[in-house]
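Fold and geometry: a report
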Amino acid sequence: MLSYRHGFHAGNFADVLKHSLLTLAINALKQKDKPFVYIDTHAGAGKYSFKSEFAQKTGEYQQGIAKLWDSQDAPPELKDYLSAVRAENTGRQLVRYPGSPQLVKRLVRQQDRLVLSELHSSDVEALQQLFAGDKQISVSKEDGLQTLTKKLPPIQKRGLILIDPSYEMRDEYKKIIAALTTAYKHFATGVYALWYPVIDRTATENFMRQLEQSGIPRQLRIEHCIADDGPGRGMTGSGMLFINPPWQLDSQAEALLPCLNQALADGRGHWRVEWQVPEATVASAVRN
Ligand code: SAM
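Residues numbered from 1 in each chain as written. Predicted model: local features only at pLDDT ≥ 70, side-chain atom pairs only at ≥ 80, totals over all residues.

If you look the protein up in an unreviewed UniProt entry, it shows as Ribosomal RNA large subunit methyltransferase J from Methylomonas defluvii. A UniProt comment under Sequence similarities (unreviewed entry) is attached to the protein, and it reads "Belongs to the RlmJ family." Here is the UniProt Subunit (unreviewed entry) comment for the protein, exactly as written: "Monomer." (UniProt positions renumbered as here; feature names shortened; annotations may be inferred.)

See the structure below:
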């Protein structure tokens, strides 16, 4: 049974990292006219209200997007993400937030497609209502990990796959690694973006090590922690592992992370941008 609801967490510091990087990656795909597909394996409800009882209960967005959304001196790497958030909020108050589907819908062009999976009944209903009649978008109530392979390779031959699980199940890490490795075999040129939490540092590093050793090349790890590693109870940070990241995402992230750290952690957090499986390995893999 799924109990996770993203409404409790929408717009928190982890969403800011995930959605700002997602925006940069989508923008990079738009550099070429050729259409692409955006696959969101764990789509959530599409968009969120900060007036909902979920958001009111946790107030997590106050420590996230609320600290940034009306910033006048945000770096260029945040511009389009913040514009998308502002576009949801026509008044002076921050009351709505675009989840990954609504954010990407705002960024893509007519020729691009969105393929969204969500398992939770209420969230998939909200998603279906949000995009009802939109021919650019398909929404399915299905297991996004289990059904990923059948969508690959996409007919467009270009695509970004966001894997953003709720990490509720004990065997979730294992399933993600299996799904990613199989997906990569079907579509080795796709851009993959996997979100992960930092709650228990040992568990996070084990997960990363297994991905590093999966045989998949070109892995870029981008992580932001707003506090020191904790005893494994609360989330102190989060990260995005990109496979085949778009060109210059690493340098864009290098520019972005200090700003996020300043805005969201008063400069007291820590962050990393590192090639977990470096580009150089690809060259040698190709040579061999
Ligand atoms: N990607 C969304 C965003 O950035 O706005 C947030 C997604 S939230 C972190 C994870 C979602 O995955 C939840 O809504 C949960 O119901 C859903 N979920 C959990 N397991 C799933 C599965 N196997 N397939 C599809 N959706 C799943």
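From this point on, the discussion continues.
Check the secondary structure of the protein and you find nine helices and 10 strands. Rg of the C-alpha trace for the protein: 18 Å, near the compact-globule value of 19 Å for 288 residues, within the 12% margin. Considering only C-alpha atoms, the protein reaches an extent of 55 × 45 × 40 Å along its principal axes. (Helix = DSSP H or I, 4+ residues; strand = E, 2+ residues; numbered from the N terminus. Rg over C-alpha atoms; globule rule 2.2 N^0.38 Å.)

Turning our attention to the pairing of strand β5 (residues 137–141). Here strand β4 (residues 113–118) pairs with β5 via five bridges, running parallel. The residue of β5 that forms the bridge with Ser 117 is Ser 140. Between the parallel elements β4 and β5, the chain passes through helix α5 (residues 121–130) in a crossover that is right-handed. (Pairing = 2+ DSSP bridges. Right-handed = clockwise from strand over helix to strand, strands pointing away.)

Turning our attention to the UniProt feature "active site" (unreviewed entry) in the protein. Taking the numbering used here, the UniProt-annotated feature "active site" (unreviewed entry) corresponds to Asp 164. Looking at where Asp 164 falls in the secondary structure, it is placed in the loop between β6 (159–163) and α6 (172–186). Ignoring anything within four residues of it in the chain, the contact list for Asp 164 reads Lys 18, His 42, Ser 100 and Trp 195. (Contact = placed C-beta atoms within 7 Å.)

On to the sheet that holds strand β10 (residues 270–277), then. On the basis of which strands lie adjacent, the open sheet formed by eight strands has the order β5-β4-β1-β6-β7-β9-β8-β10 and mixed pairing. Lying at the two open borders of the sheet, with one neighbouring strand each, are β5 and β10. Direction aside, the axes of adjacent strands within the sheet are offset by 15° on average. Packed on one face of the sheet, helix α4 (residues 100–107) meets β1 (37–40), β4, β5 and β6 and runs near 175° to β4. (Axes fitted to C-alpha atoms, helices over the stretch in contact; angles between N-to-C directions.)

Right, let's get into unusual backbone geometry. Between Leu 152 and Pro 153 the backbone carries a cis peptide bond, its omega angle lying at -5°. In this structure, Pro 153 sits in the loop between β5 and β6. Unusually for a residue other than glycine, Tyr 167 sits at a positive phi of about 50°. Counting through the fold element by element, Tyr 167 comes out in the loop between β6 and α6. Since 18 C-beta atoms lie within 10 Å of it, Tyr 167 is described here as partly exposed. Here the phi dihedral of Gln 248 falls at roughly 75°; this positive angle occurs in a residue that is not glycine. Mapped onto the elements, Gln 248 comes out in the loop between β9 (237–243) and α8 (249–265). (Buried ≥ 20, exposed ≤ 12 C-beta atoms within 10 Å, placed from the backbone.)

Moving on to the nonpolar core. Counting residues in each nonpolar core, the largest one holds 79 residues, and the members touching the most others are Ala 25, Leu 160, Tyr 192, Ala 193, Leu 194, Met 240 and Phe 242. The dominant element in this core, judged by the number of residues it contributes, is helix α1 (residues 13–29), at 10 residues. (Core = buried A, V, L, I, M, F, W, Y, C linked by C-beta atoms within 7 Å.)

What follows concerns the UniProt feature "site: Interaction with substrate rRNA" (unreviewed entry) in the protein. In the numbering adopted here, UniProt assigns the feature "site: Interaction with substrate rRNA" (unreviewed entry) to Tyr 4. Inspection of the secondary structure assignment puts Tyr 4 in the segment before α1. C-beta crowding within 10 Å serves as the criterion here: with 16 such atoms nearby, Tyr 4 is assigned to the partly exposed category. Ignoring any residue separated from it by four or fewer positions in sequence, one finds Tyr 4 in contact with Ser 166 and Glu 168.

Moving on, we come to the site of the ligand. Taken together, 21 residues lie around the ligand, and His 42, Gly 44, Gly 99, Ser 100 and His 120 are the ones closest in. The residue makeup of the shell around the ligand, split by class, is six nonpolar, nine polar and six charged. (Near = placed C-beta within 6 Å. Nonpolar A, V, L, I, M, F, W, Y, C, P; charged D, E, K, R; others polar.)

Within the secondary structure, Glu 118 is located in strand β4. Given 28 C-beta atoms within a 10 Å radius, Glu 118 is considered buried. Along the primary structure Glu 118 and Gly 59 are separated by 59 residues, whereas in three dimensions their C-alpha atoms are 24 Å apart. Setting aside residues up to four positions removed in sequence, Glu 118 forms contacts with His 42, Ala 43, Gly 44, Asp 123, Val 124, Leu 127 and Lys 141.

All right, on to the pairing of β1 then. Burial along β1 is two-sided: Val 37 and Ile 39 facing one way and Tyr 38 and Asp 40 facing the other are all buried. By the bridge criterion, four bridges tie β1 to β4 in an arrangement that is parallel. Note that in β4 the partner of Asp 40 across the bridge is Leu 116. In the sheet, β1 pairs with β6 via four bridges, with the strands oriented parallel. The residue of β6 that forms the bridge with Val 37 is Gly 159.

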